[in-house]
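Notes for the structure review
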Amino acid sequence: DQQVKQNSPSLSVQEGRISILNCDYTNSMFDYFLWYKKYPAEGPTFLISISSIKDKNEDGRFTVFLNKSAKHLSLHIVPSQPGDSAVYFCAASAHTDKLIFGTGTRLQVFP
Amino acid sequence: ETGVTQTPRHLVMGMTNKKSLKCEQHLGHNAMYWYKQSAKKPLELMFVYSLEERVENNSVPSRFSPECPNSSHLFLHLHTLQPEDSALYLCASSQDPSGSPRGDTQYFGPGTRLTVL
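A short tour of the structure in this document, coming up. (Residues numbered from 1 in each chain as written. Chains lettered and ligands numbered in written order. Predicted model: local features only at pLDDT ≥ 70, side-chain atom pairs only at ≥ 80, totals over all residues. Heavy atoms only, no water.)

1. Topic: the overall build of chain B
Across its full length, chain B carries 0 helices and 11 strands. When the helices and strands of chain B are placed in sequence order, the string is β-β-β-β-β-β-β-β-β-β-β. Here chain B has a C-alpha radius of gyration of 13 Å; the compact-globule value for 117 residues is 13 Å, and the two agree. Overall, chain B is about 40 × 30 × 30 Å in size when its C-alpha atoms are taken along their principal axes. The buried share among the 117 residues of chain B stands at 50%. Of the roughly 5,500 Å² of accessible surface on chain B, a fraction of 49% belongs to carbon and sulfur atoms. Seen as two clouds, the 11 positive and the 11 negative side-chain charges of chain B have centres 10 Å apart. (Helix = DSSP H or I, 4+ residues; strand = E, 2+ residues; numbered from the N terminus. Rg over C-alpha atoms; globule rule 2.2 N^0.38 Å. Buried < 20%, exposed > 50% of the residue type's maximum accessible area, 1.4 Å probe, protein only. Areas by Shrake-Rupley, 256 points an atom, 1.4 Å probe, with all protein chains shown as cover. Lys, Arg positive; Asp, Glu negative; His and termini not counted. Charge placed at Lys NZ, Arg CZ, Asp CG, Glu CD.)

2. Regarding the sheet that holds strand β7 (residues 62-67) of chain A
Residue and element names in this part refer to chain A. The strand order across the open sheet formed by 5 strands is β1-β3-β8-β7-β6, and the pairing between neighbours is antiparallel. In the strand order of this sheet, the two ends are held by β1 (4-5) and β6 (56-59), each with one partner. The pairing of β6 with β7 spans 4 bridges and is antiparallel. Looking at the pairing, Lys56 lines up with Phe65 of β7. (Pairing = 2+ DSSP bridges.)

3. A few points about the interface of chain B and chain A
Between chain B and chain A, the contact holds 21 residues from the first and 21 residues from the second. The interface formed by chain B and chain A contains 0 salt bridges. Here chain B is connected to chain A by 3 residue pairs in polar contact (both at pLDDT 80 or more). For the side of chain B that touches chain A, the secondary-structure elements that each account for two or more residues are β4 (31-37) and β9 (87-94) of chain B. Considering only residue class, the side of chain B that touches chain A consists of 9 nonpolar, 6 polar and 6 charged. (Contact = heavy atoms within 4.5 Å. Salt bridge = Lys/Arg side-chain N within 4 Å of Asp/Glu carboxyl O. Polar contact = N/O pair within 3.5 Å; in protein donor to acceptor, adjacent residues only side chain to side chain. Nonpolar A, V, L, I, M, F, W, Y, C, P; charged D, E, K, R; others polar.)

4. So, the sheet that holds strand β1 (residues 4-7) of chain B
Residue and element names in this part refer to chain B. Ordered by their spatial adjacency, 4 strands build an open sheet running β1-β3-β8-β7, and the pairing between neighbours is antiparallel. Each edge of the sheet is formed by a strand with only one pairing partner; in this case those strands are β1 and β7 (64-70). Averaged over all pairs of adjacent strands, the angle between their axes in this sheet comes to 20°, without regard to strand direction. Judged from the 5 bridges that link them, β7 and strand β8 (residues 73-79) form a sheet pairing that is antiparallel. Note on β8: the bridge partner recorded for Pro66 is Leu76. (Axes fitted to C-alpha atoms, helices over the stretch in contact; angles between N-to-C directions.)

So yeah, pure geometry; function would need other evidence.
Here you go:
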C-alpha cells in the first residue's frame, strides 16, 4: 500500500502561470514533508520542506501548503519558468522513521 | 568535488558478473543511504548507515551487499543480479544531530543507471 501518492503523473503549464503539484498521504503519523526536484540524469535535489506544526512554508517562488485534516499537501510555483520543467517528488516521514517517496509528477513549463 | 558523487554513472553487467557501486559524500554528514528507483515506482529505500553502522536493511535480497568503511564512503556490491534489478541506484546522505538517521533532508547523488542483461 502506497503511503504517499502523487496521482498526477504529469502536468503542463504555461510560462508565467502558477504550477500546482499535489500529494496525498495516508499515514497520520507523518510529521515532516519534503519536495524534491529531479532533472534527467541527475539525482533528486531538495527543494522545500514543511513540518506538521505549520500549514504553509514559502521560499521565493515556491510555497508548500499542508492540510493535515485532508492529509494533503501541495507545492505552488509562481511564476513558473521553463527551468522548472522536471520531475517533482513528494516525500514524508514519521518522526524518526525513513522517508517515504511518491511516484513523482513530471512538470512541463512551455513558453 | 562537492556534494554527493556516484561512480560509475552507467553500468551494464551480465547476471554472473560481480560489480560495485561507489558513493562519496563531501558534506560532512553522518548518515548515508542507498535507494533504488525503478520506472513508474516510488524511490525504494534499500539500506541506511548511521555513523558507519547499518541501521536499516529494507528486506533487500542478499545479492546486494552494502559496505560503509567510513562516514564519507558507501559501496553497494552486486553479484548474480537479475534483469529485474535494472534500475537507477541513488545514494544520499544527511546530517542528523542525534546520530540516528531520520526522515530528514537528504542530499542525493546523480545515481548509477544499472542494466542487467
